[in-house]
Amino acid sequence: MRDIFQNVDTEAVLLVDATNAFNNMNRQVAFANISISCPAIFPVLANTYRQPSQLFVGGETLLSKEGTTQGDPLAMPMYALATVPLLKKTQTEGTKQVWYADDAAGGGPLPSLRQWWKNLSELGPSFGYFPNATKSWLIVKEEHVETAQNLFKDTNVCLTIDGRKYLGTALRNEKFCNDFLKDKVRLWTQEIENLAKIAQSQPHAAYSAFTHCLIGKWTYSAKTSCNLGDFLQPLESAIQHKLSLALTGRAPPGKTMRDIFALPCRNGGLGIIHPKLLRQEYAFSQRITQPLSRLITTQEEDLGDALEQQASLKAFIRKEKNDLIRTCLVQMEENLTGDVNRIHELAKEKGASSWLTTMPIEEHGFHLTKSVVLITPYVVQQEDSQRLDTMN
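Just so we're clear, the structure is a prediction, and the values are computed from it rather than from any experiment.

Novice: An account of empty space enclosed by the protein is needed here, citing residue identities and associated values.
Specialist: Applying the stated rule across the entire model yields one cavity of 30 Å³ or more. Quantified by volume, the largest cavity comes out at close to 80 Å³. As for the largest cavity, its lining consists of Ala 21, Met 25, Asn 26, Val 29, Ala 30, Tyr 79, Ala 82, Thr 83, Leu 86, Phe 127, Gly 128 and Tyr 129. Those elements that provide at least two residues to the lining of the largest cavity are helix 3 (27-37) and helix 5 (75-89). Looking at the lining of the largest cavity element by element, the count peaks at four residues for helix 5. For the lining of the largest cavity, the class distribution of residues is nine nonpolar, three polar and no charged.

Novice: Please set out the packing of aromatic side chains residue by residue, giving values where relevant.
Specialist: In this description, a pair of aromatic rings is defined by centroid distance and the angle of the planes. Counted under the stated rule, the structure contains five aromatic pairs. Ring geometry for Trp 99 against Tyr 129: centres 5.3 Å apart, planes inclined by 50°, an arrangement best described as tilted. With Trp 99 in strand 4 (residues 96-100) and Tyr 129 in the loop between helix 6 (110-123) and strand 6 (137-140), this residue pair connects regions lying 30 residues apart in the sequence. No difference in accessibility class separates Trp 99 from Tyr 129, as the two residues are buried. Centre to centre, the rings of Trp 188 and Trp 218 are 6.2 Å apart; their planes meet at 40°, and the pair counts as tilted. Placement of Trp 188 in helix 8 (residues 174-199) and of Trp 218 in helix 9 (residues 203-224) is noted, with a sequence separation of 30 residues between them. A relative accessible area of 2% means that Trp 188 is categorised as buried. By the ring-pair criterion, three or more aromatic residues cluster together here, those being Trp 188, Phe 210 and Trp 218. When the ring centre of Phe 5 is taken as origin, the NZ or CZ atom of Lys 141, which lies over that ring, is 5.5 Å away.

Novice: Any details on the packing of helix 12 (residues 281-298) against helix 13 (residues 306-333)? Residues and values, ideally.
Specialist: Contact pair helix 12 / helix 13: the axes reach a minimum separation of 9 Å and the direction vectors enclose 170°. When the axes of helix 12 and helix 13 are compared, the pair comes out roughly antiparallel. In contact with Glu 281, Phe 284, Arg 287, Ile 288, Thr 289, Pro 291, Leu 292, Arg 294 and Leu 295 of helix 12, helix 13 contributes Ala 306, Leu 307, Gln 309, Gln 310, Leu 313, Lys 314, Phe 316, Ile 317, Glu 320 and Lys 321.

Novice: I'd love a proper account of the pattern of salt bridges, names of residues and values included.
Specialist: Going through the model one piece at a time under the given rule, you end up with 15 salt bridges. Across the pair Asp 323 and Lys 319 runs a salt bridge whose closest N-O atoms are separated by 2.9 Å. With Asp 323 and Lys 319 both in helix 13, this residue pair falls four residues apart, about one helical turn. Given the relative accessible area of 28%, Asp 323 is considered partly exposed. Among the charged side chains, a salt-bridge network with shared partners connects Lys 319, Asp 323 and Arg 326.

Novice: Break down the pairing of strand 2 (residues 53-57) for me, with residues and values.
Specialist: Side chains on a regular strand alternate between the two faces of the sheet. Judged from the five bridges that link them, strand 2 and strand 3 (residues 60-64) form a sheet pairing that is antiparallel. If you follow Gln 54 over to strand 3, its bridge partner there is Leu 63. Between the end of strand 2 and the start of strand 3, which pair antiparallel, lie two residues, with Gly 58 showing a positive phi angle near 55°.

Novice: Describe the packing of helix 8 against helix 10 (residues 233-248), listing the residues and the values that go with them.
Specialist: In the contact formed by helix 8 and helix 10, the axes pass within 8 Å of each other and the chain directions differ by 5°. Here helix 8 is positioned roughly parallel relative to helix 10, judged by the angle of their axes. On the side of helix 8, the interface is formed by Val 185, Trp 188, Thr 189, Ile 192, Glu 193, Leu 195, Ala 196 and Ala 199, while helix 10 contributes Pro 234, Leu 235, Ala 238, Ile 239, Lys 242, Leu 243, Ala 246 and Leu 247. Class assignment of the residues belonging to the contact of helix 8 with helix 10 gives a composition of 13 nonpolar, one polar and two charged.

Novice: Can you lay out a nonpolar patch on the surface for me, pointing to particular residues and giving the numbers?
Specialist: A cluster of nonpolar side chains, Met 76, Tyr 100, Leu 167 and Tyr 220, forms an exposed patch at the surface whose accessible area comes to about 370 Å². Position of Leu 167 among the secondary structure elements: in the loop between strand 8 (163-166) and strand 9 (169-172). Overall, Leu 167 belongs to the partly exposed group, its relative accessible area being 32%.

Novice: So, helix 5: which residues are in play, and what are the values?
Specialist: For helix 5, built from 15 residues, the straight-helix expectation of 21 Å at 1.5 Å per residue is met to within 8% by its first-to-last C-alpha distance of 22 Å. Of all bends in helix 5, the biggest is about 30°, found at Thr 83, and the proline Pro 85 comes one to four residues later. All of the buried residues in helix 5 are Ala 75, Met 78, Tyr 79, Ala 82, Thr 83, Pro 85 and Leu 86. Looking at the buried residues of helix 5, the elements they touch are helix 2 (21-24), helix 3, helix 4 (42-49), strand 4 and helix 6.

Novice: Give a detailed account of the nonpolar core, specifying residues and quantitative values.
Specialist: Counting 40 residues, the largest nonpolar core has Ile 192, Phe 210, Trp 218 and Ile 272 as the members making the most contacts within it. Counting residues per element, the ones that place at least two in this core are helix 8, helix 9, helix 10, helix 11 (255-262) and helix 13. The element contributing the most residues to this core is helix 8, with nine residues. Not counting residues within four places of it along the chain, the set of residues in contact with Ile 272 comprises Tyr 207, Phe 210, Ile 239, Leu 247, Arg 258, Phe 261 and Ala 262. Listed in part, the 33 residues of the second largest apolar core include Ile 41, Ala 82, Leu 120 and Phe 127.

Novice: Describe the sheet that holds strand 7 (residues 158-160), with residues and values.
Specialist: The strand order 4-5-1-6-7 describes an open sheet built from five strands, whose pairing is mixed. Pairing within the sheet leaves two strands with one partner each, and these edge strands are strand 4 and strand 7. Strand-to-strand twist of the sheet, defined as the mean angle between neighbouring strand axes without regard to direction, takes the value 15°. Relative to strand 5 (residues 103-108), strand 4 is paired through five bridges, and the arrangement is antiparallel. Within strand 5, the position partnered with Trp 99 by the bridge is Ala 104.

Procedures and definitions
Residues numbered from 1 in each chain as written. Predicted model: local features only at pLDDT ≥ 70, side-chain atom pairs only at ≥ 80, totals over all residues. Heavy atoms only, no water. 1 Å grid on protein atoms, 1.4 Å probe; cavity = no way out; pocket = protein on both sides within 12 Å on 5 of 7 lines; lining within 4 Å. Points joined across faces, edges and corners; volume = space filled by probe spheres on them. Helix = DSSP H or I, 4+ residues; strand = E, 2+ residues; numbered from the N terminus. Nonpolar A, V, L, I, M, F, W, Y, C, P; charged D, E, K, R; others polar. Phe/Tyr/Trp six-rings, centres within 6.5 Å; stacked < 30°, edge-to-face > 60°. Buried < 20%, exposed > 50% of the residue type's maximum accessible area, 1.4 Å probe, protein only. Lys NZ or Arg CZ within 6 Å of the ring centre and 35° of its normal. Axes fitted to C-alpha atoms, helices over the stretch in contact; angles between N-to-C directions. Parallel < 35°, antiparallel > 145°, perpendicular 65-115°, else oblique. Contact = heavy atoms within 4.5 Å. Salt bridge = Lys/Arg side-chain N within 4 Å of Asp/Glu carboxyl O. Pairing = 2+ DSSP bridges. Patch = residues over 30% accessible without salt bridge, like charges linked within 9 Å, V, L, I, M, F, W, Y side chains within 5 Å. Areas by Shrake-Rupley, 256 points an atom, 1.4 Å probe, with all protein chains shown as cover. Expected span 1.5 Å × (residues − 1). Bend = angle between axes of the 7 residues up to and from the residue. Core = buried A, V, L, I, M, F, W, Y, C linked by side-chain atoms within 4.5 Å.

Printed below as a string of structure tokens:
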């Protein structure tokens, strides 16, 4: 969508919000369309949704006749397939559409966008798609503001020249994007501080929340925002001075120890990623998604060999990442001596790190409650490593 917005022919981008879209989807229309467009999945959807679901509320039984069931793994593909005919019917010359579930966006000349909005408003309800004008935003290039105000004055669509959040990232000018990323980093830093407090009594739970949850959010933002790396220093400070302290009970790690902590568990580390490593994710993401993003910007329907290209790029970049980790590992191990080197070698052995990647499920006996138990090998490493850092 950024590429579409930056195109010289694009005067604005319209981000459409739909009211309760998944719950309002017209099931009968969806069945009719999916039975033709994707007959392979139709039987399982019919078996799941043909009869109304029973909802028990306060002693009463309500019948759920429309939409999808929250938590159903089939909900997303069903909604996507049901929306395709609407997308085709509302296609407007000059407007390039981008849809992700119920989040619709279009970019192009303003008259074309106004017609697209009209088409959505008129045709959407028959599919169970009800555009909500008061929560939809028109992001306009400054030189076209007056035209936009005239064309959309009777729609209640919100208008801005600054930017808006779109699919978890920011769209429009540099200042808006930077402010958006700074706010995200402040929130993440607060989450690290909260985890550090939890780690004082539940270190394993805090560690798992960090590696299985927080890192994923950071990585997604890094893949969709080219300059996130410029704002990540507060995160690293919180990791070193608060989370690491709570997990190990020791002073902040030196450079060597911090590098070990950042390694994947399979390489003898803890998977406590260094935020600076996220800088490369945007470039990797651009390369992986290029075959599909090209089809979106050109509005082509035929995938061709795009999926094969993407699979090949994923494999190549995965190898590139592993090679980078191995290079860093070799350079780091050249500085390890004595007990630090021996413990690290043991930590790299197959299966040695499985206890670190296991979820802390108490009923299965996987829940470790003392930080000295969770991080024991690395406490020894840290003490020796700090002496090594001092000598270096």
